[in-house]
Amino acid sequence: MAGLSLNPTKITTPTLQSHKPIYRFNSLTNPTKTQLKFPTNPAKTHPKLLHFRHSSVSESSVSVPKEVEVDDEEDDPTAEMNYLDRETDPESISEWELDFCSRPILDIRGKKIWELVVCDSSLSLQYTKYFPNNVINSVTLKNAIESISDELDVPLPEKIRFFRSQMQTIVTKACKELGIKPIPSKRCLSLILWLEERYETVYTRHPGFQQGSKPLLTLDNPFPMQLPENLFGEKWAFVQLPFSAVQEEVSSLETRLVFGASLDLDLLGIEVDANTLIPGLAVASSRAKPLAAWMNGLEVCSIEADTARACLMLSVGISTRYIYATYKKTPVTTSEAEAWEAAKKACGGLHFLAIQDDLNSDDCVGFWLLLDLPPPPV
């Protein structure tokens, strides 16, 4: 491989070595698409989604004339959801994922309906409620969060994650008044996949649905910034691990108290064969533990190889992108970067970040399992 570095001015030898337990990247030149299955209708495939409880939307300004009669309430696209899994201890749900945004649905005034969608990462808690567009503020959101707690008899969460930067002021104010820590993060994967499913099974079937309506609050794709000095590594390499080895690294997050973050792929409806090679990025540093600790304080979302700029982009939070690494643009390095991105796409966006003391090390100091998802259609 060509010599690549996170910070070329800080190393004297640019030669990269392969991560010892990870196969060299050059075998991914022609990646084979793996068997990842994102259910088109999780309500029919995931046990957590078999128990949706709906309550009809009250007659208000968000109501729309019904064009058809719906016999089964659970198939009613105008119904709201209020559900807590009976087998789940309410005290165990300490983090929520939240979206508060307009939907491609018009009310009786011809205005877009807004909707609050809340869940936890395990989908044990599911809640939706429609609002007219003239009551969208932090007070409405604060009251709604309290209502969820009261109606489902669950404690207020310790943290609430949300992925829209445009709603940061409203969400932050509502959370802080309730003593909840707001976390801006695109790692709201259960929520994002649920919104994708709701678009197909709920919004498009709603009598007020507006075909071709564009999202009001689009996700940010900000101009990349320079990486803070405390996040610099010394060497990096494109690598890959069999999925079985990825699972071993994920399990070590708790057993060895390694820094990082995991994903519940079973819950997300993602099926991966144990032998499937998952692409990743290995970063080596003589200060690996401090580096991993700093990274652990960020909501690491994804890594992208930008062949036009000849660099790697690190996305964190909801609106921050860093130039994580650069390399000399040549046909070889461009081919490697393109192949890495192709491998990531073939794995449905699944990839990882590993931080080590040395690229030859058998152990990781930090390990983040990442999923690069397209933004929801709403």
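Residues numbered from 1 in each chain as written. Predicted model: local features only at pLDDT ≥ 70, side-chain atom pairs only at ≥ 80, totals over all residues. Heavy atoms only, no water.

Notes on the overall build of the protein chain
Part 1 of the argument: For the protein chain, the count of helices and strands is seven helices and 17 strands.
Part 2 of the argument: Residue burial in the protein chain is summarised as follows: out of 378 residues, 53% are buried.
Part 3 of the argument: Total accessible area on the protein chain is roughly 17,500 Å²; 49% of this is exposed by carbon and sulfur atoms. (Helix = DSSP H or I, 4+ residues; strand = E, 2+ residues; numbered from the N terminus. Buried < 20%, exposed > 50% of the residue type's maximum accessible area, 1.4 Å probe, protein only. Areas by Shrake-Rupley, 256 points an atom, 1.4 Å probe, with all protein chains shown as cover.)

A word on the confidence of the model for the protein chain
Part 1 of the argument: Looking at the protein chain, pLDDT values average 81 and 78% of them are 70 or higher.
Part 2 of the argument: Taken as a whole, residues 1–61 scores under 50 in pLDDT and shows 158 contacts with residues more than four places along the chain or in a different chain.
Part 3 of the argument: Ignoring residues within four places in sequence, the model shows residues 64–72, a span with pLDDT below 50, making 14 contacts including any to other chains. (pLDDT = per-residue confidence, 0-100. Contact = heavy atoms within 4.5 Å.)

Focus: helix 7 (residues 331–346)
Part 1 of the argument: With 16 residues, helix 7 extends 22 Å from end C-alpha to end C-alpha; this agrees with the ideal 22 Å at 1.5 Å per step.
Part 2 of the argument: Listed in full, the buried residues belonging to helix 7 are Thr333, Thr334, Glu336, Ala337, Ala339, Trp340, Ala343, Lys344 and Ala346.
Part 3 of the argument: Packed against the buried residues of helix 7 are strand 10 (235–242), strand 12 (277–284), strand 13 (300–306) and strand 16 (350–356).
Part 4 of the argument: Once helix 7 ends, the next one or two residues include Gly348, with phi positive near 70 degrees. (Expected span 1.5 Å × (residues − 1).)

A closer look at empty space enclosed by the protein
Part 1 of the argument: What the rule picks out here adds up to two cavities of 30 Å³ or more.
Part 2 of the argument: Taken as a whole, the second largest cavity spans an internal volume of roughly 40 Å³.
Part 3 of the argument: Lining the second largest cavity are Leu98, Asp99, Phe100, Phe162, Phe163, Arg164, Met167 and Val171.
Part 4 of the argument: In terms of residue class, the lining of the second largest cavity is made up of six nonpolar, no polar and two charged. (1 Å grid on protein atoms, 1.4 Å probe; cavity = no way out; pocket = protein on both sides within 12 Å on 5 of 7 lines; lining within 4 Å. Points joined across faces, edges and corners; volume = space filled by probe spheres on them. Nonpolar A, V, L, I, M, F, W, Y, C, P; charged D, E, K, R; others polar.)

Focus: the nonpolar core
Part 1 of the argument: Ranked by internal contacts, the top residues of the largest apolar core, which has 76 residues, are Leu116 and Leu350.
Part 2 of the argument: Element by element, the count of residues in this core is highest for helix 4 (residues 189–201), at seven residues.
Part 3 of the argument: Every residue in contact with Leu116, bar those within four places of it in the chain, is listed here: Leu98, Asp99, Phe100, Tyr127, Thr128, Lys129, Phe131, Leu141, Ala144 and Ile148.
Part 4 of the argument: Leu231, Met295, Val300 and Ile303 belong to the second-largest nonpolar core, a separate cluster that totals 28 residues. (Core = buried A, V, L, I, M, F, W, Y, C linked by side-chain atoms within 4.5 Å.)

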